Amino acid sequence: MTSSHTLAREEPEHLTQAARRQVQVDPLAALRAPGDPPWDVYLTGTVFLDIIFTGLDSAPVRGTESWARGMGSSPGGVANMAAALARLGLRTALAAAFGDDHYGEYCWDALERGEGIDLSASRTVPGWHSPVTVSMAYEGERTMVSHGHEPPPQAVFGPDGGPARPPRARAAVASLTPGRGAPWIAEAARAGTRIFADVGWDDTGAWDLAGLPDLEHCEAFLPNAEEARRYTGADCPRAAAHALTECVPVAVVTLGEEGAYAVDRRTGEAAEVPAIAVEALDPTGAGDVFVAGFVTGSLAGWPLADRLAFAGLTAALSVQEFGGSLSAPGWSEIGAWWRKVQSLPGQDPMALARYAFLEDLVPRRLDRPWPLRRAVPTIGFGRSA
């Protein structure tokens with residue numbers, strides 16, 4: 001399974017007719033011009049097959065059998081963010097390894113044909129089985145069990161996990177690894193790509209910002225509250241956000257049920273937006289969807305508070321659906337939420353005003369119902385089904 005696309009094309013061919021029908025809004029339409037990069041966002045990382053169980057009454061207990069009331073399967077890992085970006089109308093390119101097993105074929109097909117993501121920089125690795133994660137959601141949290149092996153680097157990408165030359169793109173999203181740099185990040189930044197970064201838990205316990213050498217190439221850093229506190233030593237996550245702007249222009253700290261807080265060192269602007277209260281079915285991938293929403297607003301040039309509100313909204317909508325990548329909302333879901341929330345009695349006018357910027361963005365006609373469950377409890381039905 002290979003792709004016939006080439007990274008040299010100025011007009012990407014990854015937007016299939018199906019994908020074009022899905023993308024009802026181009027948030028960058030007013031900014032597009034001849035000579036622009038062919039892709040809006042570039043990503044690289046590991047694609048997992050996610051199998052998600054929901055509707056568990058409690059955590060599984062050793063020696064017993066637990067039954068889940070719901071189940072879904074979907075591409076996971078870096079696919080969560082790639083699908084979220086594509087559904088928001090951004091031209092998205094992904095470099096990843098795919099196994100030549102049925103899991104890998106399903107994930108490739110779901111991302112390329114189903115979501116319109118360009119996989120020119122991705123490769124199928126013969127004899128390598130796809131990584132798998134089983135996620136169990138209960139009490140608003142999740143427990144995961146994963147299995148996988150690193151693909152042979154020489155058969156896929158460079159030693160840092162990225163391509164020898166990253167494609168030309170407006171932005172890239174990087175997941176920073178404590179204690180290790182990725183040369184593709186610096187190269188992309190030098191070429192004018194705007195780098196947005198998150199970070200995983202520091203298993204070394206060092207929590208040293210000097211251990212994130214690629215942070216100097218980033219425009220924005222988006223840790224959660226606990227990560228921000230540990231990296232800065234600040235007691236308050238809001239103070240931590242301000243401290244992080246000594247290393248990166250824009251710091252965004254997610255605050256869980258409290259929402260998110262952001263600071264832009266370049267403008268002196270700060271913003272805080274409360275979380276939207278929803279009944280969470282599956283939190284898998286919500287953090288990735290948040291980042292995708294923030295990147296979309298940033299590339300579109302929205303004010304900081306609008307970017308933060310939009311990121312929180314997309315994340316909130318995603319947790320109401322099964323599956324990480326397939327739960328990411330598109331513009332139909334965003335538009336349906338905006339129309340519905342305005343029609344509900346007793347709404348706080350100030351709260352509605354926070355999302356008034358959506359009025360000129362969402363499609364006038366909604367071609368899909370909402371809410372819509374899209375992850376299915378199998379690896380994939382035959383195309384004739």
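In this report, we go over the structure that sits alongside the text. Everything numeric here is computed off the predicted structure, so don't read it as measured data.

Definitions and cut-offs
Residues numbered from 1 in each chain as written. Predicted model: local features only at pLDDT ≥ 70, side-chain atom pairs only at ≥ 80, totals over all residues. Heavy atoms only, no water. Helix = DSSP H or I, 4+ residues; strand = E, 2+ residues; numbered from the N terminus. Buried < 20%, exposed > 50% of the residue type's maximum accessible area, 1.4 Å probe, protein only. Contact = heavy atoms within 4.5 Å. Areas by Shrake-Rupley, 256 points an atom, 1.4 Å probe, with all protein chains shown as cover. Axes fitted to C-alpha atoms, helices over the stretch in contact; angles between N-to-C directions. Parallel < 35°, antiparallel > 145°, perpendicular 65-115°, else oblique. Left-handed = near helix turned anticlockwise from the far one by under 90°. Nonpolar A, V, L, I, M, F, W, Y, C, P; charged D, E, K, R; others polar. Core = buried A, V, L, I, M, F, W, Y, C linked by side-chain atoms within 4.5 Å. Expected span 1.5 Å × (residues − 1). Pairing = 2+ DSSP bridges.

### Thoughts on the overall build of the protein
Along the backbone of the protein there are 10 helices and 14 strands. The buried share among the 385 residues of the protein stands at 52%. For the protein, the share of sequence-separated contacts (at least 6 apart) that also reach a separation of at least 24 residues comes to 70%. Summed over its atoms, the accessible surface of the protein is roughly 17500 Å², and 53% of this surface lies on carbon and sulfur atoms.

### What to know about helix 2 (residues 78–87)
Counting buried positions over the 10 residues of helix 2 gives 10, a clear majority of the element. Among all positions in helix 2, only V78, A79, N80, M81, A82, A83, A84, L85, A86 and R87 are buried. Positive phi shows up at G89, right after helix 2, with a value of about 95 degrees.

### Some remarks on the packing of helix 5 (residues 225–232) against helix 6 (residues 237–244)
Viewed as axis vectors pointing N to C, helix 5 and helix 6 meet at an angle of 60 degrees, and their least axial separation amounts to 9 Å. Compared by their axis directions, helix 5 and helix 6 come out oblique. Viewed along their axes, helix 5 and helix 6 form a crossing whose handedness is left-handed. Every residue of helix 6 that contacts helix 5 at A225, A228, R229 and T232 is listed here: P237, A240, A243 and L244. For the contact of helix 5 with helix 6, a count of residues per class yields 6 nonpolar, 1 polar and 1 charged.

### Structural notes on the nonpolar core
Judged by nonpolar contacts, the single largest core of 69 residues is most densely connected at L94, F294, Y355 and L358. Of all the elements, helix 8 (residues 304–318) adds the most residues to this core, at 10 residues. Discounting residues that sit within four places of it in the chain, L94 has contacts with L43, T44, V47, V78, A82, L111, I117, D118, L119, A121 and S122. Listed in part, the 35 residues of the second largest apolar core include W184, A197, L215 and Y261.

### A closer look at helix 8
Between its first and last C-alpha, helix 8 extends 21 Å over 15 residues, near the 21 Å set by a 1.5 Å rise per residue. Among the 15 residues of helix 8, 14 are classified as buried, and the element is accordingly described as predominantly covered.

### What about the environment of E216?
For E216, the position within the fold is in the loop between strand 10 (194–199) and strand 11 (220–221). Sequence separation of E216 and C247 is 31 residues, and the distance between their C-alpha atoms is 6.5 Å.

### A short note on the sheet that holds strand 10
Strands in a sheet are paired, the pairing made by backbone hydrogen bonds, and the direction either parallel or antiparallel. With mixed pairing, 8 strands are arranged side by side in an open sheet as 4-1-9-10-11-12-13-14. The sheet terminates laterally at strand 4 (92–95) and strand 14 (269–273), the two strands that pair on one side only. With 6 bridges connecting them, strand 9 (residues 169–176) and strand 10 associate as parallel partners. By the bridge assignment, A172 is partnered in strand 10 with I195. Most of the contacts of helix 8 go to strand 14, to which it runs at about 30 degrees, and overall it touches strand 12 (250–254), strand 13 (260–264) and strand 14.

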